[in-house]
Amino acid sequence: MKNTFATAIIFTVWVNFSGLYAQEQLGSKPEKVSIETLTARMSVPSDTLVLYNFWATWCRPCVAELPHFQAIDSAFHDQKVKVVFVSIDFPDQEKNLSKFIAQRKFTQPMWWLLAGDPNDWIPQIHTEWSGTIPTTVAVMPGTSEKKLFEQEFTREGLTNLVTQLLTTTSKP
């Protein structure tokens, strides 16, 4: 009986540890990026429509729309569309942000912008951005043209937007 009990405890500890390790491996921690890194990545032309969604864990409209962006990968799996989440959570919120990401099992890239004074970096993202969130910046395929959307999206609204942007880019 002792051996069975001990084996059960060891197995439980191993499963829990393995689960935590696997969670870490799946990306429960965001990639920390500087404004220079972010703007450089946003400036590289590709054949893919890239949606950079700027959000924070403390922003209710941001959190409400995150599942809609997650669904875009499924809805447009056969087309060249990519979603990148860019958290603008405060530097002292690392534990909270990591926990939030782990609970929601994001499969899209998750970046954490650590850039200092927003008045300095917001215009570098888009000159017309007022600084409100949620905000999405679409980088159009084949160019580094950026389109700004300072709004909360519904699933239908986001699907319509992506369809429209893809249609716009496929026209000669």
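The coordinates are above.
Because the structure is a prediction, the values reported are computed rather than measured.

(A) Region of interest: the state of the cysteines. Under the counting rule described, the total for this entry stands at one disulfide. In this model Cys59 forms its disulfide with Cys62; the gap between the sulfur atoms is 2.3 Å. The S-S bond linking Cys59 to Cys62 shows a torsion near 75°; that makes this disulfide right-handed. Across the pair, Cys62 and Cys59 agree in class, each one buried.

(B) A look at the sheet that holds strand 6 (residues 146-149). In space, the six strands of this open sheet follow the order 1-4-3-2-5-6, with mixed pairing throughout. Each end of this open sheet is capped by a strand with a single partner; those strands are strand 1 (31-33) and strand 6. Going across the sheet, the axis of each strand differs from the next one's by a mean of 25°, ignoring polarity. Of the pairings in the sheet, the one linking strand 3 (residues 81-87) to strand 4 (residues 110-113) comprises three bridges and is parallel in character. Residue Phe85 lies in a different strand from strand 4, and its bridge partner there is Met110.

(C) View of the side chain of Thr57. Along the chain, the position of Thr57 falls in the loop between strand 2 (49-55) and helix 3 (60-75). A polar side-chain atom of Thr57 sits 2.5 Å from a polar atom in the side chain of Asp89. Residues contacting Thr57, with those up to four places away along its chain left out, are Val63, Asp89, Asn96, Leu97 and Phe100.

(D) How the structure looks around the nonpolar core. Core analysis: the largest hydrophobic core is formed by 47 residues, its most contacted members being Leu38, Leu49, Leu51, Tyr52, Phe54, Ile125 and Val162. Looking at this core, the element that brings in the most residues is strand 2, giving six residues. What Leu38 contacts, discounting residues up to four positions off in sequence, is Val33, Tyr52, Phe54, Val86, Trp111, Leu113 and Ile125.

(E) Spatial organisation of unusual backbone geometry. For the bond from Ile133 to Pro134, the omega torsion is 5°, close enough to zero to count as cis. Its identity is not glycine, yet Lys105 carries a phi of approximately 50°, on the positive side. The topology assignment puts Lys105 in the loop between helix 4 (94-104) and strand 4.

(F) Looking closely at the pattern of salt bridges. By the definition in use, this model includes four salt bridges. Between Glu94 and Lys32 there is a salt bridge, with its nearest N and O atoms 3.3 Å apart. Here Lys32 lies in strand 1 and Glu94 lies in helix 4, a separation of 62 residues in the sequence. We classify Lys32 as partly exposed; its relative accessible area is 46%. A salt bridge links Lys80 to Asp47; the nearest nitrogen and oxygen atoms lie 2.4 Å apart. Here Lys80 is found in the loop between helix 3 and strand 3, whereas its partner Asp47 is found in the loop between helix 2 (35-42) and strand 2, with 33 residues between them in sequence.

Definitions and cut-offs
Every chain is numbered independently, its residues counted from 1 as its sequence is written. Side-chain atom pairs in this predicted model are given and counted only at pLDDT of 80 or more, local residue features only at pLDDT of at least 70, and totals for whole chains, interfaces and linings cover all residues. The basis for every side-chain value is the complete set of non-hydrogen atoms in the structure, without hydrogens or water. The definition used for a disulfide is geometric: two cysteine sulfur atoms within 2.5 Å. Under the scheme applied here, a residue whose accessible area is under 20% of the maximum for its type counts as buried, over 50% as exposed, and between as partly exposed, the area being computed with a 1.4 Å probe on protein chains only. Strand pairing is assigned whenever DSSP identifies at least 2 bridges connecting the two strands. Comment: elements are numbered from the N terminus, with helices defined as DSSP H or I runs of at least four residues and strands as E runs of at least two. In this analysis an axis means a line fitted to C-alpha atoms, helices contributing only their contacting stretch, and an angle means the value between N-to-C directions, from 0 to 180 degrees. N or O atoms closer than or at 3.5 Å make up a polar contact, with two conditions inside protein: a donor-capable atom paired with an acceptor-capable one, and, for residues adjacent in sequence, both atoms drawn from side chains. Contact definition: two residues touch when any of their heavy atoms are within 4.5 Å. Here, nonpolar core refers to any group of buried Ala, Val, Leu, Ile, Met, Phe, Trp, Tyr and Cys residues whose side-chain atoms link them within 4.5 Å. Within this document, salt bridges are pairs made up of a side-chain nitrogen of Lys or Arg and a carboxyl oxygen of Asp or Glu, the two lying within 4 Å of each other.

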